[in-house]
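Results of the structural survey
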Amino acid sequence: RKHPLEIPPPSEKDWLKDDEEDFFLQDPDRKRDALPQPFRMINKLVMLVFENAVEIIERREMLREAQKLKVQPTKCFPTAEFQVTGRANCLAVSGKYIFVGLSVGLAAFKVSDCKEVCAWDAVKMEICAIHALDLGNERHVLLAVDEMGLVWLFCFHKESFLLVKVLNEVEDISKRSTCVEVVLSPGGDYAGVLLQGNTKPWLEIYRLPKDSWLKEMEKSPGAAAGLACRERRSSCTSAADIFLLQESAVSANKADAKLSLPVLLLKVKPPKPITGSSFKSPLDALKKVDDGSMLGLGYNHLIKDSQWEQQEAIFRSTYREYLQVEGERESKEEIPRHATFHFLLPSRILQVGPEMKVQPDVPAGISVHWDGSHNLCLYLLNCPLKEKVDSDPKPDVVWPCAAPIACSAVSSCSRYLALACEDATITIWDKHLGYPLSVTAILEERLIRSIHFL
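So, here's what we can say about the structure. Note that the structure is a prediction, hence the values are computed from the model and not measured.

Glancing now at the pattern of salt bridges. By the definition in use, this model includes six salt bridges. Between arginine 87 and glutamate 126 there is a salt bridge whose closest N-O contact spans 2.4 Å. Here the residue arginine 87 occupies a position in the loop between helix H1 (39-69) and strand E1 (88-94), and glutamate 126 occupies one in the loop between strand E4 (116-120) and strand E5 (127-136), the gap between them amounting to 39 residues. For arginine 87, a relative accessible area of 44% corresponds to the partly exposed category. On the accessibility criterion, glutamate 126 (16% relative accessible area) is buried. Between glutamate 312 and arginine 316 there is a salt bridge, and its shortest N-O distance comes to 3.0 Å. Taken together, the residues span about one helical turn, with glutamate 312 and arginine 316 both in helix H6 (residues 305-318) at a distance of four residues.

Printed below as a string of structure tokens:
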């Protein structure tokens, strides 16, 4: 040969694989013990599964150790239970009693021993919501809403239910309204019921004659009859006796003495949309204003329909491209709206005349705002009673806001009022002093659904 023998350069097929790089460190006697394909691939997959499993186990152990370092919540287990007839839909606690709304009526239980003390099933109605309040002297007022939207007003005295009135009961079924929300004022002096009719909602405020109830219940033989009936029911065990006693309970409920009925004070309807003015001169508009000492709802103005139409045309021509992106409303039918209302104690905001008696712990007015409205309307409750309740009373105080009010809340002491608008601005008002304490703006594109004091 012309040239000496040389080692040829390694080619790609002769390169060492990853699993063969440390082959020279292995035992020469085990050279032939290496697994052939496809067993080496299977071995790699099995080892990969084990490695992933070990990583998952280690991660879970770390999370378990971190969870142990956190403060663990206290686990509460039931200490007692009570049996009900039918299905329990809702409950409310007032004083030393638990009132349960059932699929067949109402039931009252003692908090101390969870034993049933009274049941009301005269109409076999299904109760969907209960609001109860302790009036003192072993008296409790209850507002129960059934499956048909009727509001039942009860007075619970000496372990007996006394039906006072069905607030929204009408003879004509076509004119029946359903209850949307009920609220009892602190102290039980007033009750508010938000009703929904066929087309529009409205708010009714009732004054509860709780002082008259105490005198009438002391003289009422119906409570004693109901108490005797319950004692017989608790002492009997046979099915026949229970059936007879249930029949006597129904008759006792129907034979309750008549109590004083609640008095309807206000019937507030949603604000009407602002339309063009029909006044010919400013003097005609000023005649509609009472005394000019407060802001109104904006109905007494001098803007004509033609001016509204011209402003609408200018707005649409200026922002045409944005309106096309968002899309226009297909229908302009009025959607039933919801109202949020609170009972307010006397304060500087609610100016009461000197001829009216004001108690510091009795609500003097209510605040109402409807969905989509900029105005917070305040109405006085201690006004002299009229023979016919005004179907559309004017608010005594109006607070206009820069944006529609989304939700509101009143503190437990009834001194502070929080208003959250649709522009994500929260304002805290001091009702005693009559000025805002703080204004907070939340991040943009955030809609506030509810607000609460802690």
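Next comes the rest of the description.
Read across the open sheet, the four strands follow the order E17-E18-E19-E20; overall the sheet is antiparallel. Only two strands of the sheet have a single partner each, and these edge strands are strand E17 (405-410) and strand E20 (435-441). Averaged over all pairs of adjacent strands, the angle between their axes in this sheet comes to 15°, without regard to strand direction. As paired elements, strand E19 (residues 425-430) and E20 share six bridges and run antiparallel to each other. What sits directly across from threonine 425, in E20, is alanine 441.

Quick look at the sheet that holds strand E12 (residues 263-268) now. Pairing within the open sheet is antiparallel, and its four strands lie in the order E9-E10-E11-E12. The sheet terminates laterally at strand E9 (178-184) and E12, the two strands that pair on one side only. The mean inter-strand angle of the sheet, taken between neighbouring strand axes irrespective of direction, is 20°. As paired elements, strand E11 (residues 201-207) and E12 share five bridges and run antiparallel to each other. Opposite tyrosine 206, over in E12, you have leucine 264 as the bridge partner.

Conventions and cut-offs
Residues numbered from 1 in each chain as written. Predicted model: local features only at pLDDT ≥ 70, side-chain atom pairs only at ≥ 80, totals over all residues. Heavy atoms only, no water. Salt bridge = Lys/Arg side-chain N within 4 Å of Asp/Glu carboxyl O. Helix = DSSP H or I, 4+ residues; strand = E, 2+ residues; numbered from the N terminus. Buried < 20%, exposed > 50% of the residue type's maximum accessible area, 1.4 Å probe, protein only. Pairing = 2+ DSSP bridges. Axes fitted to C-alpha atoms, helices over the stretch in contact; angles between N-to-C directions.

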